[in-house]
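Summary of structural features
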Amino acid sequence: MAPQQHKVAIIGSGPAGHTAAVYLARANMEPILFEGMMANGFAPGGQLTTTTDVENFPGFPEGVLGGELMDKMRAQSEKCGTKIETETITKLDLSSRPFKIWREGSESNEEPTDIAQAVVFATGASARRMDLPGEDKYWQNGISACAVCDGAVPIFRNKPLVVVGGGDSAAEEAIYLTKYGSHVHVLVRRDVLRASKVMANRLLKHPKVTVHFNTVATEAKGDGNLLTAVATRDTKTGEAGEIPASGLFYAIGHVPATELVKGQVDLDEEGYVKTVPGSSQTSVLGFYAAGDVQDKRYRQAITSAGSGCMAALDAERYLTELEEEGTAAQ
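Basis of the calculations
- Throughout, residues of each chain are indexed from 1 in the direction in which the sequence is written.
- This being a predicted model, a pLDDT of at least 70 is required before a residue's local features are given, and a value of 80 or more before pairs of side-chain atoms are given or counted; all residues contribute to the totals for chains, interfaces and linings.
- Excluding hydrogens and water, the side-chain values take into account all heavy atoms of the structure.
- UniProt positions are given in the numbering used here, feature names are shortened, and annotations may be inferred rather than shown by experiment.
- Following DSSP output, two strands are said to pair if at least two bridges run between them.
- Helix and strand definitions follow DSSP, with helices as H or I runs of at least four residues and strands as E runs of at least two, each counted in order from the N terminus.
- Any two residues whose heavy atoms approach within 4.5 Å at even a single point are treated as in contact.
- Lines are fitted to the C-alpha atoms to define the axes, a helix being fitted only along its stretch in contact, and any angle between axes, read from their N-to-C directions, falls within 0 to 180 degrees.
- Three labels apply to residues, based on accessible area from a 1.4 Å probe with only protein chains included: buried if under 20% of the type maximum, exposed if over 50%, partly exposed otherwise in between.
- This arc corresponds to the set of directions leading from the helix axis out to the C-beta atoms.
- Stacked, tilted and edge-to-face are the three classes assigned to paired rings of Phe, Tyr and Trp, where Trp is represented by its six-membered ring and a pair needs centres within 6.5 Å; plane angles under 30 degrees give stacked, over 60 edge-to-face, the rest tilted.
- In our convention, an over-ring charge means Lys NZ or Arg CZ found within 6 Å of a ring centre and within 35 degrees of that ring's normal.
- Put simply, a salt bridge is a Lys or Arg side-chain nitrogen that is within 4 Å of an Asp or Glu carboxyl oxygen.
- Disulfide assignment relies on a single distance test, namely cysteine sulfur atoms paired within 2.5 Å.

If you check an unreviewed UniProt entry, the protein appears there as Thioredoxin reductase from Lichtheimia corymbifera JMRC:FSU:9682. Quoted straight from UniProt, the Subunit (unreviewed entry) entry for the protein says "Homodimer." The record held by UniProt for the protein lists under Catalytic activity (unreviewed entry) the comment "[thioredoxin]-dithiol + NADP(+) = [thioredoxin]-disulfide + NADPH + H(+)".

Read across the sheet, 5 strands follow the order E10-E17-E11-E12-E13 without closing on themselves; strand pairing throughout is parallel. Two strands in the sheet have a free side with no partner beyond their single neighbour: strand E10 (143-144) and strand E13 (209-213). Pairing of strand E11 (residues 160-164) with strand E12 (residues 183-188), which is carried by 5 bridges, proceeds in the parallel orientation. Looking across to E12, one finds that Val162 is bridged to His185. Of the strands in this sheet, E11, E12 and strand E17 (247-250) touch helix H5 (residues 168-177), which is tilted by about 170° from E11.

Here the focus is helix H6 (residues 197-205). Residues three or four positions apart in an α-helix share a direction because the helix packs 3.6 residues into each turn. If you check which residues of H6 are buried, you get Met199, Ala200 and Leu203. An end-on view of H6 places all buried positions within 100° of arc, on one side of the element. Among the exposed residues of H6, those pointing more than 90 degrees away from its buried face are Lys197, Val198 and Lys205. Tucked into the core, H6 has its buried residues touching H5, E12 and E13.

A separate point is the packing of aromatic side chains. In the structure shown here, the tally under the stated rule is 7 aromatic pairs. Ring centres of Tyr288 and Tyr318 lie 6.4 Å apart, and the angle between their planes is 65°; this geometry places the pair in the edge-to-face category. Remark: Tyr318 occurs in helix H7 (residues 301-329) and Tyr288 occurs in strand E19 (residues 287-289); sequence separation between them is 30 residues. On the basis of relative accessibility, which here comes to 2%, the residue Tyr288 falls in the buried class. An aromatic cluster is present here, built from Phe99, Phe121 and Phe287 joined pairwise through their rings. A cation over a ring is seen here: Lys91 above Trp102, with NZ or CZ 4.3 Å from the ring centre.

All chains considered together, the criterion is met by 14 salt bridges. Shared partners join several salt bridges into a network, and the residues in it are Lys83, Glu85, Glu87, Arg103 and Asp114.

Here the focus is the state of the cysteines. Counted according to the given criterion, the structure contains 1 disulfide. A sulfur-sulfur separation of 2.1 Å characterises the disulfide bridge that pairs Cys146 with Cys149. Judged by the torsion about the S-S bond (70°), the Cys146/Cys149 disulfide is right-handed. Overall, Cys146 belongs to the buried group, its relative accessible area being 14%. The cysteine Cys80 is free of any disulfide, with Cys309 supplying the nearest cysteine sulfur at 13 Å.

Structure (structure tokens):
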């Protein structure tokens, strides 16, 4: 069977993917969006489908559930004319244009299922988890991987909180959480902080922060509904401990979903797609990256949406130039 032909394909269904879809569809680029089925461990809609209240996305003064927000984005994509396929892409060939795309179950075939002149890559990134006992039970019921996203939630206000990590991200998140929590405990596996000197000093001097060196979390404890404590272990003495806490925040990094393009497009040392500063253009012409798959700093729904807009405009410009070149050659 001949592959389906598209002007532009979008891989990923978070805020970046759907924003790109809205812009491209309104520009009559007839985009197809592959939303994936448990791709990268998430349901269609990405990381926001695993969150509860979202209070920092503009336009929702009363807040909105993460799943509801993504349902609205999906509906808008469809209304604008995007073709959405609940398929996971398992193979990409960027060596020539049009780009070749294989849907799940077809990757062993020589012929691709789809081809596209341009691709917007918005597969996201997932927070590193610790797989602690109790983690699944209290995820989003006390455990989070984004202080900026969740720190202001009522269950954390004026309560003791725990942050795991020793780098700049952990220091920044811990200091941010002091706005809301009664006290913030930072668990550092080693006997020193990996954070920059400025951030480390700021963290150590903060009156609402206690840094626990040589300490790891061993269990998330709760009352069956919400987290109430974090069990710990001293890495040197082996002594067990427990910190009463209503929140446990992971700041141990994210894993970008770039397996599809390794060896085909430039990635940084942490595996994120490199883009030209101020654009979504990657090292491959016609291939654009948006959202958390290329953003290791901000990782917010609104910044993902903004980068999705950038990718759509970049792709539209590229496709328009291709059409003009084709017309001129006739």
